[in-house]
Amino acid sequence: MNSQIREIIARTVELPGGVTGLADTSDLYEAGMTSFGSVQLMLALEEAFDVEFPERMLNRRLFSSIATIDAALKELRSENVGG
């Protein structure tokens, strides 16, 4: 899933240094992502993974790194399977 997230970030968010050199825990906002970029990223992730981020997850921290996005998507997918 990590590589898919990276591909989506590369397609939807303009990062000056790109996503390739970023660690999973690197802060995407510090890397240049804007608030608008995070919204675009959220929409692209929802479409790609067929999920919907609930309101409780809609915060800056969730979209701050590849690792936090990955964890959130895994949580959503497990909820969808169990629910």
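Note that the structure is a prediction, hence the values are computed from the model and not measured.

A.B. asks: Quick rundown of the packing of helix H1 (residues 2-12) against helix H2 (residues 35-49)? Include the residues and the values.
C.D. replies: Interaxial distance between H1 and H2 falls to 10 Å at its minimum, and their mutual angle equals 135°. Classified by the interaxial angle, the pair formed by H1 and H2 is oblique. The element H1 and its partner H2 pack so that their crossing is right-handed. Counted together, Gln4, Ile5, Ile8, Ile9 and Thr12 of H1 and Gln40, Leu41, Ala44, Leu45, Ala48 and Phe49 of H2 form the full contact between these two elements. Residue composition of the contact of H1 with H2, grouped by class: eight nonpolar, three polar and no charged.

A.B. asks: I'd like a description of the pattern of salt bridges, backed by residues and values.
C.D. replies: Tallied over the entire structure, the rule returns four salt bridges. Its salt-bridge partner being Glu79, residue Arg56 comes within 2.8 Å of it at the nearest N-O pair. Here Arg56 is found in the loop between H2 and helix H3 (66-82), whereas its partner Glu79 is found in helix H3, with 23 residues between them in sequence. The class for Glu79 is partly exposed, based on a relative accessible area of 36%. Between Lys74 and Asp70 there is a salt bridge, and its shortest N-O distance comes to 3.0 Å. Residue Lys74 and its partner Asp70 are located together in helix H3, separated by four residues, close to a single helical turn.

A.B. asks: A description of the environment of Arg77 should follow, citing residues and the corresponding values.
C.D. replies: Considering the arrangement of structural elements, one finds Arg77 in helix H3. A C-alpha to C-alpha distance of 9.0 Å links Arg77 and Asp50, two positions 27 residues apart in sequence. Not counting the four nearest positions on each side in its chain, Arg77 is found in contact with Met1, Phe49 and Val51.

Thresholds, definitions, all that
- Residues numbered from 1 in each chain as written.
- Predicted model: local features only at pLDDT ≥ 70, side-chain atom pairs only at ≥ 80, totals over all residues.
- Heavy atoms only, no water.
- Axes fitted to C-alpha atoms, helices over the stretch in contact; angles between N-to-C directions.
- Helix = DSSP H or I, 4+ residues; strand = E, 2+ residues; numbered from the N terminus.
- Parallel < 35°, antiparallel > 145°, perpendicular 65-115°, else oblique.
- Left-handed = near helix turned anticlockwise from the far one by under 90°.
- Contact = heavy atoms within 4.5 Å.
- Nonpolar A, V, L, I, M, F, W, Y, C, P; charged D, E, K, R; others polar.
- Salt bridge = Lys/Arg side-chain N within 4 Å of Asp/Glu carboxyl O.
- Buried < 20%, exposed > 50% of the residue type's maximum accessible area, 1.4 Å probe, protein only.

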